[in-house]
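Close look at the chain arrangement
So you can see what is in the structure, the chains are spelled out below.
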Amino acid sequence: KFLKIHFATPEDVLFSKVMKAKTAYFISLKKESAKFCVRKVETEKLRQKGKNLKDGEYFGEIGLIYKSRRSCSVQSSDFTTLGIISEEDFDYLMS
């Protein structure tokens, strides 16, 4: 009930640096070779710092916990199925 399904394609930007955190993401990969890439914004251009996430891992929760803005931009590097939880549902589950 709480997770909404989202299908990311290569190069999809899921969120950008300094956006207010409104969602957290859970990874559901369909193939072992699939990976998810985190790109951090350090200057005007994106500098890629790849991070491979596995099935069941998550990201974006820190912004929801601390009610803060995003500290980096996140972009997918492959076809990926994501579960997304909203800020309201996250707060409900944590209360």
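Residues numbered from 1 in each chain as written. Predicted model: local features only at pLDDT ≥ 70, side-chain atom pairs only at ≥ 80, totals over all residues. Heavy atoms only, no water.

Remarks on the pattern of salt bridges
- Counted under the stated rule, the structure contains 4 salt bridges.
- The residue Lys 20 makes a salt bridge to Glu 87 at a minimum N-O spacing of 3.2 Å. With Lys 20 in the loop between strand E2 (13-15) and strand E3 (23-28) and Glu 87 in helix H2 (residues 87-94), this residue pair connects regions lying 67 residues apart in the sequence.
- Linking Glu 87 and Lys 67 is a salt bridge whose minimum nitrogen-to-oxygen distance equals 3.8 Å. One end of the pair, Glu 87, is in helix H2; the other, Lys 67, is in the loop between helix H1 (61-66) and strand E7 (73-76), and 20 residues separate them in sequence. (Salt bridge = Lys/Arg side-chain N within 4 Å of Asp/Glu carboxyl O. Helix = DSSP H or I, 4+ residues; strand = E, 2+ residues; numbered from the N terminus.)

A closer look at the confidence of the model for the chain
- Residue-level pLDDT values for the chain average 79, and 75% of them are 70 or greater.
- Of all the helices and strands in the chain, strand E4 (residues 36-41) carries the lowest mean pLDDT, 51, while H2 carries the highest, 95.
- Note on residues 40-44: pLDDT is under 50 here. Beyond four places in sequence and across chains, it has 10 contacts. (pLDDT = per-residue confidence, 0-100. Contact = heavy atoms within 4.5 Å.)

Remarks on the sheet that holds strand E8 (residues 80-86)
- Overall, antiparallel pairing links the 4 strands, which are arranged E1-E8-E3-E6 in an open sheet. Because the sheet does not close on itself, it has two edges, and the strands there are strand E1 (4-8) and strand E6 (58-59).
- As defined by bridge partners, E3 adjoins E8 across 6 bridges and the pair is classed as antiparallel. Each residue of the ladder has a partner; that of Ser 28, found in E8, is Thr 81. (Pairing = 2+ DSSP bridges.)

Looking at the pairing of E3
- Across 2 bridges, the pairing between E3 and E6 is antiparallel. Looking across to E6, one finds that Phe 26 is bridged to Tyr 58.

Concerning the nonpolar core
- In this structure, Ala 8, Leu 14, Phe 15, Tyr 25, Ile 27, Leu 53, Phe 59, Cys 72, Val 74, Leu 82 and Ile 84 together form the largest nonpolar core, which totals 11 residues.
- Mapped by element, the contributors of at least two residues to this core are E2, E3 and E8.
- Discounting residues that sit within four places of it in the chain, Tyr 25 has contacts with Leu 14, Phe 15, Glu 57, Tyr 58, Phe 59, Arg 70, Leu 82, Gly 83 and Ile 84.
- Of all hydrophobic cores here, the second largest spans 5 residues; its members include Ala 24, Leu 64, Ile 85 and Phe 90. (Core = buried A, V, L, I, M, F, W, Y, C linked by side-chain atoms within 4.5 Å. Buried < 20%, exposed > 50% of the residue type's maximum accessible area, 1.4 Å probe, protein only.)

Side note on the pairing of E7
- The alternating pattern of E7 places Ser 73 and Gln 75 and Val 74 and Ser 76 on opposite faces, both of which are buried.
- Sheet analysis places E2 next to E7, joined by 2 bridges and oriented antiparallel. By the bridge assignment for E7, Val 13 is matched with Gln 75.

Considering the packing of aromatic side chains
- All told, the structure shown has 5 aromatic pairs when counted by the stated rule.
- Note on Phe 26 and Tyr 58: the rings are 6.0 Å apart at their centroids and 45 degrees apart in plane angle, and the pair reads as tilted. Here Tyr 58 lies in strand E6 and Phe 26 lies in strand E3, a separation of 32 residues in the sequence.
- Pairwise contacts between aromatic rings join Phe 15, Tyr 25 and Phe 59 into one cluster.
- Against the face of Phe 15 rests Arg 70, its NZ or CZ located 3.9 Å from the ring centre. (Phe/Tyr/Trp six-rings, centres within 6.5 Å; stacked < 30°, edge-to-face > 60°. Lys NZ or Arg CZ within 6 Å of the ring centre and 35° of its normal.)

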